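Each chain, letter by letter, is given below.
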Amino acid sequence: MSDKPSIYDCQAGSLFTSDSLSVFPLNIVFHIFKFYSGFHIYFLVFFTFFDLFSNILFFIVLSQKELRNSGFNLTMMMIAFCNFTNVVMKLIEEMFNQITGSEKPYFKAFYKRIYAYLKLYLSSMAICLVVEMAFCRVMALYTTHSDKWNGRKYSLVISSVLWVTVGLICSAIIPMYSITKYNPEEYSFTISNGYLEDECITFRSTLLFFGIIFVFVPCILNSIFFLMIIFKLKSLEARRRKTMRSIKSSHIDNSSRMLKAILIMFLIVNIPQVLILVFHSIFMLDYYLFVAPIISELIQAADVAYASTSFIIYCAISSQFRKVFVRLFVPEVLLLPAVCSPITFERTTGVLSYQ
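Residues numbered from 1 in each chain as written. Predicted model: local features only at pLDDT ≥ 70, side-chain atom pairs only at ≥ 80, totals over all residues. Heavy atoms only, no water.

The protein chain goes by G-protein coupled receptors family 1 profile domain-containing protein in an unreviewed UniProt entry, where it is assigned to Caenorhabditis latens. Recorded in UniProt for the protein chain, the comment headed Subcellular location (unreviewed entry) runs: "Membrane". (UniProt positions renumbered as here; feature names shortened; annotations may be inferred.)

Written out as structure tokens, the structure is:
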């Protein structure tokens, strides 16, 4: 018998048994997820390709001259880059799985090791960039230097610090995994033995550390920033109504509305993952044997659906974004049936008008 530690040594006893899934309310939850699993592949394929193209379009539109000078839009471009790269890497992984099948060549295991780091890095950066956007919006609303906090300079400085800092912190995941050689042609991507010793205390601590730094703390900060933005906007609205003046704050209000929608989606997706991560780090055996097989597909679906929400929010709220999008991607012939309609289309502004 091999003394090599495994994931089964991470927990002395299990909370659940195979019979636990037949107990109310776990049986209801189990059947709901089982019903969804029949549609999961179609949902996943649709949103994977939708994420791919929507983030490309999102990046192109925001990079236009009239939009890229905003610090808010610049940060959204970085988030689109993170989401797009994650989708591409996932597609490459699926391509490797299709090409090699059950074979375990070295390049497949090596790619999985690179992918583990980059996935954590880019996912964490996308989360931190949302926090940065919320922070800059709060500073723009609560200080007298709103133009500076809305501009590109502060966003570039903060995001540059984040790219370096998050990259260094995420490098802690590199020694967690290793490539094990079984024979001259078979390699496996596994958890390093040192992380599985002493009931996986190092593995648990590392997971909990990443969960606190990159999920729990951002959720707390974004919740605070969300409440601060709502409070300030309500006070500004009350002041405008009292003075009956039209203060030029439509751009700030519009950006804040988009940010509120993004923060709401962020909290909806990430708060359940905080709870799951805590359970994962404490009851690791129960997670891998009972919880992960049930909820992993739903978590995956939530992640791929969330990756395209920013594009949808911009299309729904920002009229300027829609104008630029129409100008770039909608053929003029579809908007200007010149022979039979008096409607004209301004290519420079993206506005429909009657003559």
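After that view, the rundown keeps rolling.
*Asks:* Now, about the UniProt feature "transmembrane region" (unreviewed entry) in the protein chain: what can you tell me, with residues and values included?
*Replies:* In the numbering adopted here, UniProt assigns the feature "transmembrane region" (unreviewed entry) to residues 39-62, 74-92, 120-142, 154-177, 207-231, 261-283, 289-317 and 324-345. Within residues 39-62, the helical portion is 100% and the strand portion 0%, while the C-alpha atoms at the span's ends are 34 Å from each other. Span residues 207-231 is 100% helix and 0% strand, its end C-alpha atoms 35 Å apart. (Helix = DSSP H or I, 4+ residues; strand = E, 2+ residues; numbered from the N terminus.)

*Asks:* Residue-level account of a nonpolar patch on the surface, with values.
*Replies:* A surface patch of nonpolar side chains, amounting to about 1100 Å² of accessible area, comprises Phe35, Phe39, Ile41, Tyr42, Val45, Phe49, Phe53, Ile56, Ile60, Leu91, Leu328 and Phe329. For the nonpolar patch, the secondary-structure elements that each account for two or more residues are α1 (26-62) and α11 (319-329). Here the nonpolar patch gets 9 residues from one element, more than from any other, and that element is α1. Summarising the element assignment, Phe39 is placed in helix α1. (Patch = residues over 30% accessible without salt bridge, like charges linked within 9 Å, V, L, I, M, F, W, Y side chains within 5 Å. Areas by Shrake-Rupley, 256 points an atom, 1.4 Å probe, with all protein chains shown as cover. Salt bridge = Lys/Arg side-chain N within 4 Å of Asp/Glu carboxyl O.)

*Asks:* Quick rundown of the environment of Tyr36? Include the residues and the values.
*Replies:* Residue position: Tyr36 is located in helix α1. It is 8.2 Å that separates the C-alpha atoms of Tyr36 and Leu298, two residues lying 262 residues apart in sequence. Every residue in contact with Tyr36, bar those within four places of it in the chain, is listed here: Phe43, Glu297, Leu298 and Ala301. (Contact = heavy atoms within 4.5 Å.)

*Asks:* Describe the packing of aromatic side chains, with residues and values.
*Replies:* Counting across every chain of the model gives 28 aromatic pairs. Judged by centre distance (5.0 Å) and plane angle (75°), the rings of Phe58 and Tyr314 are edge-to-face. Of this pair, Phe58 sits in helix α1 while Tyr314 is found in helix α10 (residues 309-317), placing the two residues 256 residues apart along the sequence. The exposure class assigned to Phe58 is buried, which follows from its relative accessible area of 2%. For the ring pair Phe135 and Trp149, a centre distance of 5.5 Å and an interplane angle of 90° mean the geometry is edge-to-face. Pair noted here: Phe135 is in helix α4 (residues 106-142) and Trp149 is in helix α5 (residues 146-150), with a separation of 14 residues, a long-range link. Classification of Phe135 by relative accessible area gives partly exposed; the value is 30%. Ring pairs connect the aromatic residues Phe58, Phe72, Phe311, Tyr314, Phe321, Phe325 and Phe329, which therefore count as one cluster. Between the NZ or CZ atom of Lys232 and the centre of the ring of Tyr142, over which it lies, the distance is 5.2 Å. (Phe/Tyr/Trp six-rings, centres within 6.5 Å; stacked < 30°, edge-to-face > 60°. Buried < 20%, exposed > 50% of the residue type's maximum accessible area, 1.4 Å probe, protein only. Lys NZ or Arg CZ within 6 Å of the ring centre and 35° of its normal.)

*Asks:* Requested: an account of the side chain of His40, with residues and values cited.
*Replies:* If you trace the backbone, His40 turns up in helix α1. The residues touching His40, leaving out its near neighbours within four places in the chain, are Glu297, Gln300 and Ala301.

*Asks:* An account of helix α6 (residues 152-170) is requested, with residue identities and associated values reported.
*Replies:* The terminal C-alpha atoms of α6, which comprises 19 residues, lie 26 Å apart, in line with the 27 Å expected from a rise of 1.5 Å per residue. For α6, the complete set of buried residues consists of Ser155, Ser159, Leu162, Val166, Gly167 and Cys170. Each buried residue of α6 lies within a common arc of 115° when the element is viewed along its axis, so the set occupies one face. The outward face of α6, more than 90 degrees from its buried face, is lined by the exposed residues Lys153, Val164 and Leu168. (Expected span 1.5 Å × (residues − 1). Arc of directions from axis to C-beta.)

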